[in-house]
Amino acid sequence: MEKLTRTFGRSELAQQYFPQLSAMSAWRKFKEWLEYNPQLRHLLDLTRRTFTPAEVQLIYTQLGEP
């Protein structure tokens, strides 16, 4: 059964991948992952601080679920 995605704040989603880090540190590390992945790099150009469910699903597809 596929996990339903929802809107995530960028730090909130980053902390799903790096739960041991603070919100700011998790976002910095997650941002490196996005910069490294050509299919996700465009997400860094967003001016909003959230990822839509479709963007979250794309991240899950590229990086795997946290």
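Scroll up to find the structure.
Residues numbered from 1 in each chain as written. Predicted model: local features only at pLDDT ≥ 70, side-chain atom pairs only at ≥ 80, totals over all residues. Heavy atoms only, no water.

Engineer: Hey, could you go over the overall build of the chain for me, with residue numbers and the actual values?
Structural biologist: Helix and strand content of the chain: three helices and two strands. The secondary structure elements of the chain, listed N-terminal to C-terminal, are β-α-α-β-α. The C-alpha radius of gyration of the chain comes to 11 Å, within 12% of the 11 Å expected for a compact globule of 66 residues. In terms of overall dimensions, the chain has a C-alpha envelope of 30 × 25 × 20 Å along the principal axes. Considering the chain as a whole, with its 66 residues, one finds that 27% of them fall into the buried category. Taking contacts inside the chain between residues at least 6 apart in sequence as the whole, the part at least 24 apart equals 49%. (Helix = DSSP H or I, 4+ residues; strand = E, 2+ residues; numbered from the N terminus. Rg over C-alpha atoms; globule rule 2.2 N^0.38 Å. Buried < 20%, exposed > 50% of the residue type's maximum accessible area, 1.4 Å probe, protein only. Contact = heavy atoms within 4.5 Å.)

Engineer: Tell me about the nonpolar core, and name the residues and values.
Structural biologist: Core analysis: the largest hydrophobic core is formed by 15 residues, its most contacted members being L13, Y17, F30, F51 and I59. Of all the elements in the fold, those that place two or more residues in this core are α1 (10–17), α2 (23–36) and α3 (53–63). If one sorts the elements of this core by residue count, α2 sits on top with four residues. Leave out the neighbours within four places in its chain, and L13 touches F8, F30, F51, V56, I59 and Y60. (Core = buried A, V, L, I, M, F, W, Y, C linked by side-chain atoms within 4.5 Å.)

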